[in-house]
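Here is how the chains run, residue by residue.
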Amino acid sequence: VLAARKEYRAAAAAFADAARRFADKAGADDPAAAARLGWNLSGVLTDAGDPAGALVQLERFLPLGPRSPEPFERLAELLRKAGRGGEAVPALDRWARQRPNNPAVKWVLAAEVGRTDPDAAHRTFSTLARGADDPALFRVAVRHYARAGRSADLLALLDDLFRAARGGDEPRVRGKGASAD
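In this report, the structure presented in the accompanying data block is examined.

Rules and cut-offs
Numbering of residues starts from 1 in each chain and follows the order in which that chain's sequence is written. Note on the predicted model: pLDDT of at least 70 is required for a residue's local features to be given, and 80 or more for side-chain atom pairs to be given and counted; whole-chain, interface and lining totals, by contrast, use all residues. Excluding hydrogens and water, the side-chain values take into account all heavy atoms of the structure. Only DSSP runs of H or I reaching four residues or more are called helices, and only runs of E reaching two or more are called strands; each is numbered from the N terminus. Burial classification: accessible surface area is computed with a 1.4 Å probe over protein chains only, and a residue below 20% of its type maximum counts as buried, one above 50% as exposed, and the rest as partly exposed. The contact criterion used is simple: two residues touch if any of their non-hydrogen atoms lie within 4.5 Å. Helix span, as expected, comes to 1.5 Å for every residue beyond the first. Here a polar contact is taken to be a pair of N or O atoms separated by no more than 3.5 Å, where protein atoms must pair a possible hydrogen donor with a possible acceptor and residues adjacent in sequence count only if both atoms sit in side chains. Joining through side-chain atoms within 4.5 Å is the link that ties buried Ala, Val, Leu, Ile, Met, Phe, Trp, Tyr and Cys residues into a set, and such a set is a nonpolar core. Throughout this description, the term salt bridge denotes a Lys or Arg side-chain nitrogen within 4 Å of a carboxyl oxygen of Asp or Glu.

As a further point, take the overall build of the protein. Along the backbone of the protein there are nine helices and zero strands. The order of helices and strands in the protein, counted from the N terminus, is α-α-α-α-α-α-α-α-α. Each of the 181 residues in the protein was classed as buried or not, and the buried ones make up 38%. The contacts in the protein between residues at least 6 apart in sequence include a share of 48% that link residues at least 24 apart.

Encoded structure:
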């Protein structure tokens with residue numbers, strides 16, 4: 001409620017107090033719940049314009065192994081807002097290696113790599129998409145292609161997936177810099 005009313009200081013204080021209570025060994029003694037509150041607190045601090053503080057809280061949450069792309073997208077965004085954009089790809093790569101069975105971080109890593117190498121992102125998305133069935137993951141790719149102005153690559157990816165789903169040829173990676181057959 002406080003965050004919705006843009007009372008960021010009060011909201012941050014409430015989340016921080018709750019996190020302390022959950023982490024207190026004499027109290028709730030639930031460090032996982034305290035870490036989950038880090039996700040909420042990172043959102044409040046992001047909205048309040050405190051990317052450095054938001055990063056601290058997000059880094060408390062990430063070890064819980066979130067399976068959705070949003071926390072990893074927030075990580076990259078906060079690093080950029082904190083003037084540490086060059087750390088986004090290495091940080092996401094570390095998470096991807098630590099969590100090899102977490103597709104969300106791989107998709108966000110591909111999108112982040114795509115900021116400087118859209119062809120590499122396209123090749124990675126083409127590989128990742130073959131086994132994906134989560135719409136949230138495809139939204140990561142769609143946002144990447146829209147930001148990069150590469151709608152033709154997105155359509156080529158979808159065409160390949162459709163052809164593969166119908167039992168056609170193995171998907172072919174196409175796009176700028178890739179062979180078209």
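Still more to cover.
Under the 1.5 Å per step criterion, the end-to-end length of helix α8 (residues 135-148) is 20 Å for 14 residues, consistent within 8% with the ideal 20 Å. In this structure, the buried side of α8 is in contact with α4 (70-81), α6 (103-113), α7 (118-129) and α9 (151-165). At the N-terminal end of α8, a side-chain oxygen is found 2.9 Å from the backbone nitrogen of A136, two or three residues along, and the residue is D134. At the C-terminal side of α8, G149 shows a positive phi close to 65°.

Looking now at the nonpolar core. Membership of the largest hydrophobic core comes to 34 residues, with the highest contact counts inside it found for L62, F72, L75, L92, W107 and F125. Broken down by secondary-structure element, the contributors of at least two residues to this core are α2 (31-47), α3 (51-61), α4, α5 (88-98), α6, α7, α8 and α9. Setting aside residues no more than four positions away along its own chain, W107 makes contact with F125, L128, A129, A132, L137, F138, V140 and A141.

With that out of the way, let us pick up the pattern of salt bridges. Within the structure shown, the criterion is met by ten salt bridges. For the salt bridge of E87 with R84, the shortest nitrogen-to-oxygen distance reads 2.9 Å. Note on R84: relative accessible area 32%, which makes it partly exposed. One salt-bridge network, in which partners are shared between bridges, spans R80, E112 and R115.

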